[in-house]
Amino acid sequence: MYYHSRVRSADIQVATRPAYTSPLSSPTQRLQHSMSSRYSQASSSHGWADHGAMTEGSVSNPVCIIKDRLYFVYTQGVMRNTETKHFFTVDDQLIYQPFYADFGPLNLAMLYRYCMLLKFKLNLPANRNKKIYHYTHQGAQARSNAAYLIASYAVLFLGKTPEQAYRPFANMPPMLPFRDAGYNASTFDLHLIDVLRGLYKAMQVGFVDFERFDCEEYEHFERVENGDFNWIVPGLFLALSSPHNQHNQAG
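Positions within a chain are numbered from 1, following the residues in the order the chain's sequence is written. Reporting of local features is limited, given that this is a predicted model, to residues whose pLDDT is at least 70; pairs of side-chain atoms are given and counted only at 80 or more, and all residues count toward the totals for whole chains, interfaces and linings. With hydrogens and water stripped out, all remaining heavy atoms of the structure feed into the side-chain values.

A few words on the environment of Leu240. Numbering goes from the N terminus for both helices and strands, where a helix is a DSSP run of H or I of at least four residues and a strand is a run of E of at least two. Turning to its location among the elements, Leu240 is positioned in strand E8 (residues 237-240). The rule is simple: take the accessible area with a 1.4 Å probe, protein chains only, and divide by the maximum for that residue type; under 20% is buried, over 50% is exposed, in between is partly exposed. A relative accessible area of 41% means that Leu240 is categorised as partly exposed. Counting along the chain gives 13 residues from Leu240 to Gly227, while the straight-line C-alpha distance between them is 6.6 Å. Excluding residues within four positions of it along the chain, Leu240 makes contact with Gly227, Asp228 and Phe229. We call two residues in contact whenever any of their non-hydrogen atoms come within 4.5 Å of each other.

Here's what the structure looks like:
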């Protein structure tokens, strides 16, 4: 069984994890249970990532992910929920921590939390007859990361190929490509379709499995004090932050 360690680029990286005991049978069920409690009032305007009580923006040329059900949109305003539409954003919740000039894509833990949030919203009884809109408005970098999240959801949970998931974005304004963590001019651009193809390949070979993904362990081991490590090739090639071959114990 695997959990997935941090991804700061398009690489999909995993690590083996020990057995975990819980009254719920999987990490996904544990997060969904927690989310169900946290969003028991998500139909109101005060749920996480919902801004129903704020100034209304406008919706034009939304990207259709699921016809009459799920959309993605760029907007200059903050959206307000209506009787037929539910709006949410994760711009202020899922934030990439850069090394230098890099800005994404968001790591697997953030992608996982986004997917669970979106599944919850789609299945929420209060949203049953509403169109769901994921909106973003915080500039080019936020737009690229937001598009990556919802397009990845289409690959992971809607059975889309990378090309199918990317196609609805083809008529949108060009998105800022991802880049390396350097501070000089980028010499290699990584586009959304490239990231989706990497994710799709990782699914095919079993590196990404959100039914077994342990988000809490992922976030634990991405911390420097807990190893800050990634499996590049599971069980064979481990990358660490500033590793050392001697153990120094304080005191």
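The discussion continues.
On to the nonpolar core, then. Grouped together as the largest cluster of nonpolar side chains are 49 residues, with contacts concentrated most on Leu111, Tyr114, Leu118, Phe169 and Phe210. Of all the secondary structure elements, the ones that give two or more residues to this core are strand E3 (63-66), strand E4 (70-74), helix H2 (108-123), helix H3 (140-157), helix H5 (192-204) and helix H6 (215-221). Not counting residues up to four positions away in its chain, the partners in contact with Leu111 are Tyr148, Leu149, Ser152, Leu156, Leu199 and Phe210. What makes a nonpolar core is a set of buried Ala, Val, Leu, Ile, Met, Phe, Trp, Tyr and Cys residues whose side-chain atoms join them at distances within 4.5 Å. In this structure, Tyr71, Met79, Tyr133 and Tyr135 belong to the second largest nonpolar core, which totals six residues.

Next up on the list: the pairing of strand E7 (residues 229-233). As paired strands, E7 and E8 are joined by four bridges and run antiparallel to one another. Considered in E8, the bridge of Phe229 is made with Leu240. Strand pairing follows a simple DSSP-based rule, namely that at least 2 bridges must link the two strands. The hairpin formed by E7 and E8 contains three residues between the paired strands, and Gly235 there has a positive phi angle of roughly 80°.

On to unusual backbone geometry, then. Here the amide bond leading from Gly104 into Pro105 is cis, since omega sits at 0°, within 30 degrees of zero. The backbone of Asp68 sits at a positive phi, close to 65°, despite the residue not being glycine. Here Asp68 lies in the loop between E3 and E4. The class for Asp68 is partly exposed, based on a relative accessible area of 46%. In the Ramachandran plot, Asp228 falls in the positive-phi region, its phi being about 45° despite a non-glycine side chain. Checked against the element boundaries, Asp228 lands in the loop between H6 and E7. Looking at Asp228, the relative accessible area reads 7%, which means it is buried.

Attention now moves to H5. In this scheme, a helix's expected span is set at 1.5 Å multiplied by one less than its residue total. Taking 1.5 Å of rise per residue, 13 residues should cover 18 Å, and H5 covers 19 Å from first to last C-alpha, within 8% of that figure. Contact partners of the buried residues in H5: H2, H3 and helix H4 (162-166). With its phi angle positive at about 85°, Gly206 sits one or two positions after the end of H5.

Turning to the packing of H3 against H5, a few remarks are in order. Axis definition: a line fitted to C-alpha atoms, over the contacting stretch in the case of helices. Angles run 0 to 180 degrees between N-to-C directions. Between H3 and H5, whose axes approach to 10 Å, the crossing angle comes to 35°. For the pair H3 and H5, the crossing hand works out as right-handed. For the pair H3 and H5, contact is made by Ala147, Tyr148, Ala151, Ser152, Val155 and Leu156 and by Leu192, Val195, Leu196, Leu199, Tyr200 and Met203, respectively. Gly is placed with the polar residues, together with every amino acid not listed as nonpolar (Ala, Val, Leu, Ile, Met, Phe, Trp, Tyr, Cys and Pro) or charged (Asp, Glu, Lys and Arg). Broken down by class, the residue content of the contact of H3 with H5 amounts to eleven nonpolar, one polar and no charged. The crossing is said to be left-handed when, going from far helix to near helix, the turn is anticlockwise and less than a right angle, and right-handed when the turn is clockwise.

With that settled, consider a nonpolar patch on the surface. Together, Phe99, Tyr100 and Tyr183 line one region of the surface with nonpolar side chains, adding up to about 430 Å² of accessible area. Examined against the element boundaries, Phe99 turns out to sit in the loop between strand E5 (85-88) and H2. Assessed through its relative accessible area of 47%, Phe99 is described here as partly exposed. The patches described consist of residues with a relative accessible area above 30% and no salt bridge, like charges being joined within 9 Å and nonpolar side chains (Val, Leu, Ile, Met, Phe, Trp, Tyr) within 5 Å. Working definition of accessibility: Shrake-Rupley area with a 1.4 Å probe, residue cover restricted to the visible protein chains. Whenever Lys or Arg places a side-chain nitrogen within 4 Å of a carboxyl oxygen from Asp or Glu, that contact is recorded as a salt bridge.

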